[in-house]
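Residue strings, one per chain:
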Amino acid sequence: MTDYKQTLNLPQTDFPMRGNLAKREPEMLARWEALNVYEKIRRARAGREKFILHDGPPYANGDIHIGHAVNKILKDIVIKSRTLDGYDAPYVPGWDCHGLPIELNVEKQIGKPGAKVSPAEFRQQCRAYAESQIQRQMQDFRRLGVLGDWANPYRTMDYSYEANIVRALAKIVKNGHLHRGFKPVYWCTDCRSALAEAEVEYRDKRSPAIDVTFTVLDEGQISERVHLPEGMSAFPAGGALEIVIWTTTPWTLPANQAVAVHPELDYVVVETAKDSTVGHRRLIVAQALLLDCMARWEVSDYQIIGFLKGADLENVQLAHPFLERQVPVILGRHVTTEAGTGLVHTAPAHGLDDFIIGQQYNLPVDNPVNDDGVFAEDVPYVAGEFVFSANQAIIELLHERGYLLKQEAIQHSYPHCWRHKIPIIFRATPQWFVSMTQAGLREQALSEAEKVQWIPDWGQARIESMLQQRPDWCISRQRTWGVPIALFVDKRTGELHPNSVELMEKVAERIEQDGVQAWYDLDPREILGDEANDYAKVQDILDVWIDSGVSHYCVLAQRDELARPADLYLEGSDQHRGWFQSSLLTSVAMDGHAPYRQVLTHGFTVDEKGEKMSKSRGNVVAPQKVINSLGADILRLWVASTDYTGEMAVGDAILKHAADRYRRIRNTARFLLANIHGFDPQTDALDFDDLLPLDQWAIAHTLETQQAIVAAYQNYDFHEAMQRLHYFCSVTMGGFYLDIIKDRQYTAKTGSRPHRSCQTAMYHILEAMVRWMMPVLSFTADEIWQHLPYRETETPFDAEWYTKLSPLPEGAPISMSDWQAIVRLKTAVNKAIEVARNAKLIGGSLEAQVDLYVNDEWRSRLGGIGEELRFLLIVSKVTMHSIGDADAHAESTELSGLRIRVRPAEGEKCIRCWHRRPDVGVNPEHPQLCGRCLENVVGDGEERRIG
């Protein structure tokens, strides 16, 4: 028996089937670094139109988590896909380096500044700690396959960056947006510092809710204005007349300066019976809340003895329940009837609404609480008490004095410090603010936000809502590790030095040389001369959201390879209240325009059950663990395959699914590589017009797929791009084209037109596909790239989308729609063959012959293919009949006008191609070959073929 194995074109490649990514990826990373890949990309794109994605800086503290990995991978996908588009798309990573978390970690190591260590040494240790954290995080980000200017990242603690923060603040001052005020701000009693809105999170808290009465001092003020019920001739006298407030913060009552009512709300005076739970009293509450109040106080016997509008109560004087203080009733439109009594206890030092309305009435802003949340020593009844501990003392005092109507505990949402996870307070302190109204900042920011493309589009409504509602931005902090508010203020008046902007530039020059310590070492006489005795240096530091918020100025405007506004900011959805907003406000305050053209938001990671990840639950997925077990490309594929606009679920099962999808893509690439072994595209490739029709279709379909994938990348729809890539590999290639051409590729004569035709198509397909993969499966794409028979560049990272794909020409014998029909036909035939195989009628598909019973439309589509149809359907024979001739053996299909019968093929099996053909054995010298294989073995191998 003759061995014909040597006459076959069997696949051959050293591209491994197993990715073994966890081991192989670090080797590839080392190669990229040795090649200086990032710099090669920059040189390749020099002079091209720029695309600038500006990196929002992660905080330099702790190892990266899965959210960090998602963010950096998404950015890398954008940069790499824009590079394929032909843009010069540099990526400069950055880190946020100042702030409290670093301070706290350093405090644990060396103690608090001013105690065991000097503030200067403390700052130096903070700087060293931040640098160590950056190096750890950078290593992990690079391991993800993220390409960037890692040798020159930006750090907010770089001396030049710190100096430019001061310059950015100077521009904000120059444009009239800064002011100093004594206002209530979010205050953490553990940080002992003001907090930005973005540093506050809401959690459930159990608080005491109390109803408290304030006695009306001059009843005549009420009796003159009250409207009596029908039938009542005079306002009833008897006992004290009281208004009732409801509060969940009893500790704020020592700072009470007024009671607020809504001018347009209806209020009632209610007289309770002597034997009621509250006794015989005359109480004023909002009419809309009367029934709720009576139910809460368990009062069933009462009568309305008067009606008032809120406006009627203005300037009614009240006695504070336990302090020697007279307080007025004031009007405020912030008062609602959602809960309580419709009358609001007002302490301007402890609430923003209270402060704003208090300013209108010139109320004192009396803050009796120290930095640590403890009442000052001169505060009656609660001196030296922590605010929340003081609640009980105040409740007991109110009860003793008869002013407490009701006490109960409620569970409600309450602001907490995002670092310490403890309840915070509102506390009035002298702070520096960027005003939202001064110089029209709010209106300008809203106008600029409208010009930005927000992705998803709900981001616009979210940012606009936050801008409309946000108070003035408190930018001062009372801490050690940060950029100083480099201002000089008049010691007597507190006013800014008239030449503040010029002085800030001089300070910036010092900081550029020596860092922020230069401010603290600065003798004011060096800059102010004789004026030094009249001015003091501000000791507060800037909110860290200023640090990162001005990166558009400190990074984009300072680096030649970058530009502003940036084309894209890309961060998690929490940054609408963080970096997106701080960047917008500072850019508008400085230069009058938004710092970005597009803003893309991604969601947070959750576990496979949709639950938030936490160490206590044990459901945290560490990116380092995934990389070390599955490889970074699997993690990258999961990110790209997930709809990032919502919550992103991740876990072992989900990552296993990503690994399965990866194997399908990898195996497709391996098949293509194995079957272009020995193919030189520069000498062996056929022109498109010389390709067989099936190969022409494969290239044309690849072009259509590429156009869809490119559009998906450009629209940041990575999920769609990966779906199309996977479908292309598993269905279009694996389930159709590659399945069909195996016969021709293996059995055609080496170097013949049929052989070179499919090799040419596979080469073009692989050249295109490796580019589709590259933004996501970066390691695997480079591994494939190194196995290509011809490469114009050392890596795929400075390549562009493949341009050597062609559409089917007009008037092609088999149109794209005809090919789509053939794909559907093959699916239907495969199902029928599977039924026949399960019935033991046949073994493999080449043991079958198929009878197609078709209508005229199908006959028109398939008529020109003739005998070649068997190669497309991978059977030994196909016969086409009129559908009217179908008998009971012909099975119906899901396709209209088509029925199928599968039966055993006639003829002997060709030992070389396995087809069963009647011409097997015709040639006595090769009795085991069919005529086609005989031609390929001893002839020229140029037989006519479609597929």
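Preceding this section is the structure that the text describes.
Residues numbered from 1 in each chain as written. Predicted model: local features only at pLDDT ≥ 70, side-chain atom pairs only at ≥ 80, totals over all residues. Heavy atoms only, no water.

**Observations regarding the overall build of the chain**
Put simply, the rule reads: Helix and strand labels come from DSSP, where a helix needs a run of H or I of at least four residues and a strand needs a run of E of at least two; each type is numbered from the N terminus. Put simply, the radius of gyration uses C-alpha atoms, and a globule should come to 2.2 Å times the residue count raised to 0.38. Buried residues are those whose accessible area, probed at 1.4 Å on protein chains only, stays under 20% of the maximum for their type, while exposed residues exceed 50% and partly exposed ones sit between those limits.
Within the chain, the regular secondary structure consists of 29 helices and 32 strands. Computed over the C-alpha atoms, the radius of gyration of the chain is 39 Å, more than 25% above the 30 Å expected from 2.2 N^0.38 for a compact globule of 947 residues. Across its three principal directions, the C-alpha atoms of the chain cover 125 × 80 × 45 Å. Counting across all 947 residues of the chain, residues that qualify as buried make up 58%.

**Overview of the sheet that holds strand β29 (residues 891–892)**
What counts, and what does not: A pair of strands is considered paired only if DSSP assigns at least 2 bridges between the two. Contacts between residues were defined by any pair of non-hydrogen atoms, one from each residue, lying within 4.5 Å. Fitted lines through C-alpha atoms give the axes, limited to the stretch in contact for helices. The angle between two N-to-C directions lies from 0 to 180 degrees.
Taking strand neighbours across the sheet as the criterion, the four strands line up as β28-β27-β30-β29 in an open arrangement whose pairing is mixed. Two strands in the sheet have a free side with no partner beyond their single neighbour: β28 (877–882) and β29. Bridge analysis of strand β27 (residues 848–854) against β28 gives six bridges, and the strand direction is parallel. Paired with D851 across the two strands is T879, which belongs to β28. Against the sheet, helix α26 (residues 816–838) touches β27 and β30 (898–904), its axis set at about 40° to β30.

**Things to note about the sheet that holds strand β17 (residues 453–455)**
Pairing within the open sheet is parallel, and its four strands lie in the order β1-β23-β24-β17. Strands with a single pairing partner mark the edges of an open sheet, and in this sheet they are β1 (53–54) and β17. Where β1 meets strand β23 (residues 566–572), two bridges bridge the pair, whose relative direction is parallel. Considered in β23, the bridge of H54 is made with Y569. Sheet contacts for helix α3 (residues 66–84): β1, β23 and β24 (596–602); angle to β23, the most-contacted strand, approximately 155°.

**Brief notes about the packing of helix α22 (residues 693–714) against helix α23 (residues 718–747)**
Put simply, the rule reads: By the definition adopted for this analysis, an angle is roughly parallel if under 35 degrees, roughly antiparallel if over 145, roughly perpendicular if from 65 to 115, and oblique otherwise. Under the grouping applied here, Gly and all other residues not named as nonpolar or charged are polar, the nonpolar ones being Ala, Val, Leu, Ile, Met, Phe, Trp, Tyr, Cys and Pro and the charged ones Asp, Glu, Lys and Arg.
Where α22 contacts α23, the axes come no closer than 9 Å and their chain directions differ by 170°. In terms of orientation, α22 and α23 fall into the roughly antiparallel class. Looking at the contact of α22 with α23 residue by residue, the class counts come to 16 nonpolar, four polar and four charged.

**Notes on the nonpolar core**
Heads up, the rule is: We call a set of buried Ala, Val, Leu, Ile, Met, Phe, Trp, Tyr and Cys residues a nonpolar core when their side-chain atoms join them within 4.5 Å.
With 152 residues, the main nonpolar core has L635, W638, Y737, M769, W819 and L852 as its most contacted residues. Among the elements that line this core, the one with the most residues is α23, at twelve residues. If we skip the residues at most four places from it in the chain, M769 touches I665, T668, A669, L672, L725, F728 and C729. If you look at the next biggest cluster of nonpolar residues, it comprises 71 residues, including V166, W432, W454 and V507.

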